[in-house]
Amino acid sequence: MDPVSTVSLAVAGLAFAYPDGHQALFGVDFTVARGERVALLGPNGAGKTTLVLHLNGILTGGTGTVTVAGLEVGKRHMAEIRRRVGIVFQDPDDQLFMPTVREDVAFGPAAAGLRGAGLEERVDRALGLVGMAEFKDRPPHHLSFGQRRRVAVATVLAMEPEILVLDEPSSNLDPASRRELADILRSLDVTVLMVTHDLPYALELCPRSLILSDGVIAADGGTADLLADEALMRAHRLELPYGFDPRSVPAPPGRS
Ligand SMILES: Nc1ncnc2c1ncn2[C@@H]1O[C@H](COP(=O)(O)OP(=O)(O)OP(=O)(O)O)[C@@H](O)[C@H]1O
Ligand SMILES: [Mg+2]
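Residues numbered from 1 in each chain as written. Chains lettered and ligands numbered in written order. Predicted model: local features only at pLDDT ≥ 70, side-chain atom pairs only at ≥ 80, totals over all residues. Heavy atoms only, no water.

Strand order in the open sheet made by the six strands is β6-β7-β8-β3-β9-β10, with mixed pairing throughout. Of all strands in the sheet, those bounded by a partner on one side alone are β6 (85-88) and β10 (216-222). On average, adjacent strands in this sheet sit at an angle of 15° to one another, irrespective of strand direction. Across four bridges, the pairing between strand β3 (residues 37-41) and strand β8 (residues 191-195) is parallel. (Pairing = 2+ DSSP bridges. Helix = DSSP H or I, 4+ residues; strand = E, 2+ residues; numbered from the N terminus. Axes fitted to C-alpha atoms, helices over the stretch in contact; angles between N-to-C directions.)

In an α-helix, one turn spans 3.6 residues, which is why side chains three or four residues apart end up on the same side. Taking 1.5 Å per residue, 14 residues should reach 20 Å; helix α5 (residues 116-129) reaches 20 Å between its end C-alpha atoms and fits that length. Of the residues making up α5, those classed as buried are Leu-119, Arg-122, Val-123, Ala-126 and Leu-127. Viewed along the axis of α5, the buried residues span an arc of 125°, placing them on a single side of the element. In α5, the exposed positions that point more than 90 degrees away from the buried face belong to Ala-117 and Glu-121. At the C-terminal side of α5, Gly-131 shows a positive phi close to 70°. (Expected span 1.5 Å × (residues − 1). Buried < 20%, exposed > 50% of the residue type's maximum accessible area, 1.4 Å probe, protein only. Arc of directions from axis to C-beta.)

If you walk through the whole model with that rule in mind, you get two aromatic pairs. Between Phe-16 and Tyr-18 the ring centres are 5.0 Å apart and the planes differ by 85°, which places this aromatic pair in the edge-to-face class. Summarising the aromatic geometry, the rings of Phe-97 and Phe-107 are spaced 5.2 Å apart at their centres and angled 80° between planes, so their arrangement reads as edge-to-face. Separated by ten residues along the polypeptide, Phe-97 in the loop between β6 and α4 (101-111) and Phe-107 in helix α4 bring together distant segments of the chain. According to the relative accessible area criterion, Phe-97 is exposed, its value standing at 54%. What makes Phe-107 partly exposed here is its relative accessible area of 42%. (Phe/Tyr/Trp six-rings, centres within 6.5 Å; stacked < 30°, edge-to-face > 60°.)

The next point concerns the pattern of salt bridges. Tallying each qualifying case throughout the model produces 18 salt bridges. Residue Glu-160 is joined to Arg-122 by a salt bridge in which the shortest nitrogen-to-oxygen separation is 3.6 Å. On the criterion of sequence distance, the pair formed by Glu-160 in the loop between α6 (145-157) and β7 (163-167) and Arg-122 in helix α5 is long-range, its members being 38 residues apart. Residue classification places Glu-160 among the partly exposed positions, given a relative accessible area of 41%. Here Asp-183 ties to Arg-179 by a salt bridge, and the two come within 2.8 Å at their closest N and O atoms. (Salt bridge = Lys/Arg side-chain N within 4 Å of Asp/Glu carboxyl O.)

It is worth spelling out the nonpolar core at this point. Formed by 46 residues in total, the largest nonpolar core has its most connected members in Leu-41, Val-105, Leu-157, Leu-164, Leu-166, Leu-185 and Met-194. Tallying contributions element by element places α6 first for this core, with six residues. Not counting chain neighbours up to four residues away, the residues in contact with Leu-157 comprise Ala-126, Leu-129, Val-130, Leu-164, Ile-184 and Leu-188. Grouped together as the second largest cluster of nonpolar side chains are 29 residues, Leu-55, Ile-163, Leu-193 and Leu-212 included. (Core = buried A, V, L, I, M, F, W, Y, C linked by side-chain atoms within 4.5 Å. Contact = heavy atoms within 4.5 Å.)

Laid out in structure tokens, this is it:
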């Protein structure tokens, strides 16, 4: 394979200021290889969500480039980019807007042209993966937060994306749901970029982590190494849970 086709995501010199003048990104550079699972760590306000919103062109207008599987994010390839980059937003209510779970999960594939039995199968598979099949006919706004998070993941899985980007996927999930989501993510044959404050989750799922701090990549390395670097962690307001020793945890297993 040539080097271009092995790179899923390339971000180069990405800088961005919001319309009110607040600059959130100051030149972000990194690449993610196809099939890699990478955690994006960093304190509140570091620019993580701002970066995520650039990966499929929801935010544009700054400088620098984002390239997905060789396609530059921009007006030209937008439909293809949106199909390839699946983003699970920080708040599931930003993602769910149809009267039923089924319609929300079917929305993307239907917009991409899938119809009939093929569409139903796609919806059932995605809901089955997140354990929400029996909620198919319920209105999303009647579900609990954790259930809405699972449906939001299903809406993205239904698109069979090449890159799955998750913004704080484990927040507000109970321990069993959190583990089940980890099992799902491990079983998928996709590139994953996962924003998280849940450092044990990053260690469990992602062999590599990036630390975004004040709008720049402050560190890029093995997750266990970064989490064990106390000075680095302190410098970027990252704290491990009480009693958690990153060196006592086995390396994350590869894709099953
Ligand atoms: N719409 C907006 N207009 C102006 N400034 C914004 C806007 N959205 C975010 N910001 C600012 O940009 C910076 C980065 O915000 P962002 O939401 O990307 O941080 P984050 O790393 O995702 O934080 P968190 O961990 O709290 O989710 C913050 O200082 C924030 O106040
Ligand atoms: Mg955020």
